[in-house]
Amino acid sequence: MQPKLTAKARCVDGEVGKISKVIVDPLSHEISHVVVREYNGQQMDRQVPMSQIQEIPNEEEIVLRCTSAEFGQFPVLDRDGFVTIHDVEIAHLEDNLHVTPGEVLVPYPRLEHPVPRRSFFANMTHAIGALIALPLAFPVLKYLMKPMYQPFDNSWFSVGNVNKIKKENIGYQFKFTRGFKEAFMPEQQIEKNIWVVQASEKVREAVYGGEDKKFYDNKGDVVWVNKANAPFIGFSGKCPHLGCGYKWRKTRNFPDGVFLCPCHLSLYDEAGKVLDGPAPRALDVLPMEVNGAGEVKIIDIEYKAGVKKQIRLL
Ligand code: FES
C-alpha cells in the first residue's frame, strides 16, 4: 500500500509528523524515501528511507521502526538536490505511483545505483540462456538482419529555418518526419527531432576544439564536413545514454537552461558536454548545413547509445 502525501507518521512512542513529499527512484519508479515534516522543533522535513517504515496500516498512517528521539536523527531534506516530476517527465511513473503530482521528488542529479544482487543473478541466468541458444538462432538471425547491413543513409532532410532561433546558446528543437524501414517490415514514417544551438565562439570551441568535424560513410569516405566556425550546431535528438528524447529546460541550478534527459537525468550544457548523469559521451553533433535563406538541412545519423565512442549505426 502507498501512504497518502498527508499521512501521519507515528514512531513506536508517538506521532512525529506528516508526510509532505515522497522521493522516487527514476529507474525503478519505486518510492525510495518519504519526507516527513516533523511536528516539533523547527518543523523540518526529514528524509526517511522506506526500509524504516515498519507498517502502513492504512493510507492515512505509517508506522516507523524508530523512537521519536531517533526520528530526529534522520537527515533534513536538501531540497536543492531534487526536482519535482513537473520538471522532468518520467514515462509511466503515474502507472505505479498514486500520489499528487508536484509533491513527488526525483534526485537531481541522479546518482548511479549499484546493480542489485537479485538483478545480477537474473541477468546472469539470461546471459547463460542466450549463450546456449545462440548457435541455434544464428542462421535465422543472419538472414533476418541482412537488410541492416545496407549502406548508411546519407540523404539530407530539411528541418526548418534558423529565423526561429532568437537567442544565442539556447537549445531550439526542430521536428521532422522521415521514412524508416526495419528488416522486412514495411516502411514507416517516424517523428524525429534535432536540437540546434546558435553557438557563441566559446561554445563552438567547446564542440569542435578549433577543428572541422568530418562525417564518414561505411566505406570510410567523407560525406560531409561541419566547419568549426559555423554559427549553428545541430545535436541528434537522442540521448547518448539509452536513446531517450531530451529537452532544453531551465532549472534551479541552471537558470539559463541545460539539456535535461528525463529518463535517467543526464544533463548537458549548450555545447552538448555532459554535466552530470550516466551519459557516456557528449550529445552527438550531426552533419548540418544552413543555406543563405536560413534553411537547416541535416543528415540524420544515428550512433550507438550507451557507449563512450561514437559508433555509427544508420
Ligand atoms: S536515456 Fe538515460 S539519461 Fe538519457
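Residues numbered from 1 in each chain as written. Predicted model: local features only at pLDDT ≥ 70, side-chain atom pairs only at ≥ 80, totals over all residues.

**Side note on the pairing of strand S4 (residues 45-49)**
Stage number 1. Of the pairings in the sheet, the one linking strand S3 (residues 31-38) to S4 comprises five bridges and is antiparallel in character. Opposite valine 34, over in S4, you have valine 48 as the bridge partner.
Stage number 2. Count of turn residues in the S3/S4 antiparallel hairpin: six residues, of which glycine 41 carries a positive phi of about 60°. (Pairing = 2+ DSSP bridges. Helix = DSSP H or I, 4+ residues; strand = E, 2+ residues; numbered from the N terminus.)

**Brief notes about the nonpolar core**
Stage number 1. Ranked by internal contacts, the top residues of the largest apolar core, which has 50 residues, are Ile194 and Phe259.
Stage number 2. Here this core takes five residues from strand S2 (residues 14-24), the largest share from any one element.
Stage number 3. Split by domain, the residues of this core number at least three in each of domain 1 (8-107) and domain 2 (148-299). (Core = buried A, V, L, I, M, F, W, Y, C linked by C-beta atoms within 7 Å. Buried ≥ 20, exposed ≤ 12 C-beta atoms within 10 Å, placed from the backbone. Domains from an automatic or database assignment.)

**Some thoughts on the sheet that holds strand S18 (residues 274-276)**
Stage number 1. Spatial strand order, S15-S16-S17-S18: four strands in an open sheet with antiparallel pairing. Among the strands making up the open sheet, the edge pair consists of strand S15 (247-249) and S18.

**So, the sheet that holds strand S11 (residues 188-198)**
Stage number 1. The sheet built from three strands is open, its strands ordered S10-S11-S14 with antiparallel pairing. Single-partner strands in this sheet number two, and they are strand S10 (172-180) and strand S14 (232-236). For this sheet, the mean angle separating the axes of adjacent strands, direction not counted, is 35°.
Stage number 2. When S10 meets S11, the two strands line up antiparallel, connected through nine bridges. Paired with tyrosine 172 across the two strands is valine 196, which belongs to S11. (Axes fitted to C-alpha atoms, helices over the stretch in contact; angles between N-to-C directions.)

**Some words on the confidence of the model for the protein chain**
Stage number 1. Here the protein chain averages 85 in pLDDT, while 82% of its residues score no lower than 70.
Stage number 2. At the low end of the mean pLDDT range in the protein chain sits helix H2 (residues 93-96), at 65; at the high end sits S14, at 98.
Stage number 3. In this model, residues 110-115 is a region of pLDDT below 50 whose contacts with residues beyond four sequence positions or in other chains number seven contacts. (pLDDT = per-residue confidence, 0-100. Contact = placed C-beta atoms within 7 Å.)

**A closer look at helix H4 (residues 201-208)**
Stage number 1. Of the positions making up H4, those classed as buried are Val203, Arg204 and Val207. End-on view of H4: buried residues confined to an arc of 100°, all on one side of the axis. Of the exposed residues in H4, those oriented more than 90 degrees away from the buried face are Glu201 and Lys202.
Stage number 2. Residues of H4 that are buried sit in contact with S11 and S14.
Stage number 3. Just downstream of H4 lies glycine 209, where phi reads positive at about 55°. (Arc of directions from axis to C-beta.)

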